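Below are the chains, spelled out letter by letter.
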Amino acid sequence: MELDMVFVIPVLATGLVGVIVYALLWKFWIAPSRKEAVLRKQGIKGPSLGPPQLFKGGNKDEFDGDHDILSHVLPDIHSFSKKYEMPYMYWWGNELRMTVTDPEVVRWVLSKNPQSFGKSASIQATLIKLLGYGLVASNGEHWAQHRRVVGPAFHLEKLKNIMAGTMVDCTSKVLSRWDNDGEFEIDVEKEFSFLAADVISHTAFGSSFEKGRRIFHLLNLQAELLTKIAFSPMQWMPFGRLHPLRENLQLWEVQKELDAILLGLVKDRRKSASYGRDLLGLMLEQSKDNPAFKDDKLVGECKTFYIAGQETTATLLTWAMYLLSQHREWQDRARKEVLEVCKEDEINAEALNKLKLVGMILNETLRLYPPIPIIQRGTFNDTTMGDKISIPKGIVLVIPILAMHHDKEQWGGDAHEFNPERFARGASKACKHPNAFMPFSFGPRVCIGQTFALVEAKIALAMILRRFSASHSPNYQHCPVSGVTLKPLHGMQLTFTRR
Ligand code: HEM
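Here the structure is a predicted model, which is why all the values come from computation and not from measurement. (Residues numbered from 1 in each chain as written. Predicted model: local features only at pLDDT ≥ 70, side-chain atom pairs only at ≥ 80, totals over all residues. Heavy atoms only, no water.)

### Examining the pattern of salt bridges
This structure, assessed with the given rule, holds 24 salt bridges. Of the charged contacts in the structure, one is a salt bridge between E421 and R333, with a shortest N-O distance of 3.3 Å. With E421 in the loop between α18 (408-411) and α19 (450-467) and R333 in helix α14 (residues 328-341), this residue pair connects regions lying 88 residues apart in the sequence. Classification of E421 by relative accessible area gives partly exposed; the value is 36%. Take R333: its relative accessible area is 36%, and that puts it in the partly exposed class. Because the salt bridges share partners, they merge into one network encompassing E364, R367, D414 and R422. (Salt bridge = Lys/Arg side-chain N within 4 Å of Asp/Glu carboxyl O. Helix = DSSP H or I, 4+ residues; strand = E, 2+ residues; numbered from the N terminus. Buried < 20%, exposed > 50% of the residue type's maximum accessible area, 1.4 Å probe, protein only.)

### Quick look at the UniProt feature "transmembrane region" (unreviewed entry) in the chain
Per the UniProt record, "transmembrane region" (unreviewed entry) is annotated on residues 6-25. Counted over residues 6-25, helix gives 100% and strand 0%. Its end C-alpha atoms are 29 Å apart. (UniProt positions renumbered as here; feature names shortened; annotations may be inferred.)

### Some remarks on the environment of E185
Here E185 lies in strand β4 (residues 183-187). As a C-alpha pair, E185 and A470 span 285 residues in sequence and 9.4 Å in three-dimensional space. The residues touching E185, leaving out its near neighbours within four places in the chain, are S473, N475, Q493, L494 and T495. Among the polar contacts made by the side chain of E185, one reaches the side chain of S473 at a distance of 2.8 Å. Side chain to side chain, E185 and N475 meet in a polar contact 2.6 Å long. (Contact = heavy atoms within 4.5 Å. Polar contact = N/O pair within 3.5 Å; in protein donor to acceptor, adjacent residues only side chain to side chain.)

### Digging into the pairing of strand β1 (residues 88-92)
Taken across its five residues, β1 has four buried, putting it largely inside the fold. Linkage of β1 to strand β2 (residues 95-99), two consecutive antiparallel strands, is achieved through a turn of two residues, within which G93 is found at a positive phi near 60 degrees. (Pairing = 2+ DSSP bridges.)

### Examining the sheet that holds strand β5 (residues 375-379)
Here we have five strands laid out as an open sheet, ordered β1-β2-β8-β5-β3, and mixed in their pairing. Lying at the two open borders of the sheet, with one neighbouring strand each, are β1 and β3 (117-118). Inspection of the sheet shows β1 paired to β2 by five bridges, in the antiparallel sense. Opposite Y90, over in β2, you have R97 as the bridge partner.

### Concerning the packing of α14 against α19
The geometry of α14 relative to α19 is characterised by a closest axis approach of 9 Å and an angle of 100 degrees between their N-to-C directions. On the basis of the axis angle, α14 is roughly perpendicular to α19. Contact with α14, carried on its side by Q331, A334, R335, V338 and L339, involves A462, L465 and R466 of α19 and no other residues of that element. Of the residues belonging to the contact of α14 with α19, the class tally is five nonpolar, one polar and two charged. (Axes fitted to C-alpha atoms, helices over the stretch in contact; angles between N-to-C directions. Parallel < 35°, antiparallel > 145°, perpendicular 65-115°, else oblique. Nonpolar A, V, L, I, M, F, W, Y, C, P; charged D, E, K, R; others polar.)

### Comments concerning the pairing of strand β9 (residues 468-472)
Across the five residues that make up β9, a large majority, four, are buried. In this structure, β9 lies alongside strand β12 (residues 493-498), joined through five bridges in antiparallel fashion. Residue pairing in the sheet places H472 in a bridge with L494 of β12.

### Structural notes on the sheet that holds β9
Taking strand neighbours across the sheet as the criterion, the three strands line up as β4-β12-β9 in an open arrangement whose pairing is antiparallel. In this open sheet, the two strands that pair with only one neighbour each are β4 and β9. Each strand axis lies, on average, 35 degrees off the axis of its neighbour in the sheet, ignoring direction. Each of β4 and β12 touches helix α9 (residues 188-205); the most contacted strand, β4, lies at about 60 degrees to it. Along the sheet face, α19 touches β9 and β12 and points at about 95 degrees away from the line of β9.

### What about the site of the ligand?
Among the 26 residues in the neighbourhood of the ligand, the closest are listed as W143, R147, R377, R445 and C447. W143 has a polar side-chain atom sitting 2.7 Å from an oxygen atom of the ligand. Residue R445 places a side-chain N or O atom 2.9 Å away from an oxygen atom belonging to the ligand. Elements with a minimum of two residues in the shell around the ligand: α7 (140-150), α13 (295-326), β5 and α19. Ranked by the residues each element gives to the shell around the ligand, the list is headed by α13, at seven residues. For the shell around the ligand, a count of residues per class yields 16 nonpolar, six polar and four charged. (Near = heavy atom within 4 Å.)

Structure follows, in structure tokens:
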């Protein structure tokens, strides 16, 4: 018996090691290489996974940058699209990615075949940490349920009738701080960041907006701590995220306070006679007959409004003012329109509809400087686009909105120039393919806050143009960079004069 064990244990141990080696090989080499082979057989070119790539972490380090906006903001897309024809593939660590910019392919992914695509596991992991498993992070039926509850709060008429007044008040407050004589300089990026946070605090939480401001502060802290933790070596240790590191302890404190404030707001509102006409009230109304939509889900969606809506809208306004300060003729034309349409500073739903030039300027800003320059979709099953491309399950599709918006094929020779005139006949007629302009994405997962952002931006621009002229400041350094949104690295200093 003892003799048997002497033989059996080494045999079992060798077998076990063999199984582990094979499982690792399968996960990191055989299965990924098979996916690569499917694309390569169809003539899609790109670097191979090969052992050196595998150990280097894919093609991450090969990205270079020059100084035009695409090469600067999305250096990977820029350098790879020079080397390989679209669509091309590359490795991100062990994840095989394919970049697509053909609007027809993008339409197929986002709106014709959306059930095969959704938020990939790697993106989901980050989104869940920030926002919980809500509208932005989820897929399938879970996502559909959240969309049904949150969507109606953003209907156009509600926004224009209920929220436009609040947006005007918030903008007045910011502009009263600009009331200087002569020429003065302002970093508009900071001002618009404050404005967008104030607008969301008021429109999401109505009378509780002071608490809304605290929520905003805590969400910023949460994002900072999560970034620090992501770069800490502890991240790679077993159970590293549970370790009582200083940052982890701070994060738990912040999250505890955040959830307590939000949960308190939701519970108080449930008890009150009327839910109220702010976003929280409209969501409570919409979810009252839906027992699955508990308080913690509403808490998650309240966070979503801040994170998805604040920086994006602030960024749109920042780049719009930058472009108007560079193109004074457009600034003058837009001001003339505002003065004709909004007599005595009165901005209401009817006036907003008439601000056509301001709308064209905002569209051209969203084209040249899309606040979200890139989106991604994970592939949930093996799928084939027409008879063109077979896409194996597990591949991540990268859709660089910025590259599509600067594509000369779609926009003509002046693709890199500011020309709002191209939007005179509407966004779908501004370029060759109606879907090549997609700052808010499209299809079932189109941005829920699109109208909210445009109403807010129109109101702010109209009020600024009525009161001030903006011009270039020598202190501004043009350096757009892509973080969560496409932002100016050193702020946006502009020179203003009161009119
Ligand atoms: C100029 C401003 C904005 C831009 C350019 C923008 C852009 C986008 C884009 C490109 C997406 C699609 C993301 C993806 O599919 O991966 C998106 C989704 C979303 N946006 Fe916005 N957004 C803006 C403002 C807002 C505002 C103000 C809110 C809310 C207050 C908001 C809430 C959302 C939500 C909840 C989603 C997820 C929708 C879903 O998955 O069903 N956004 N946005």
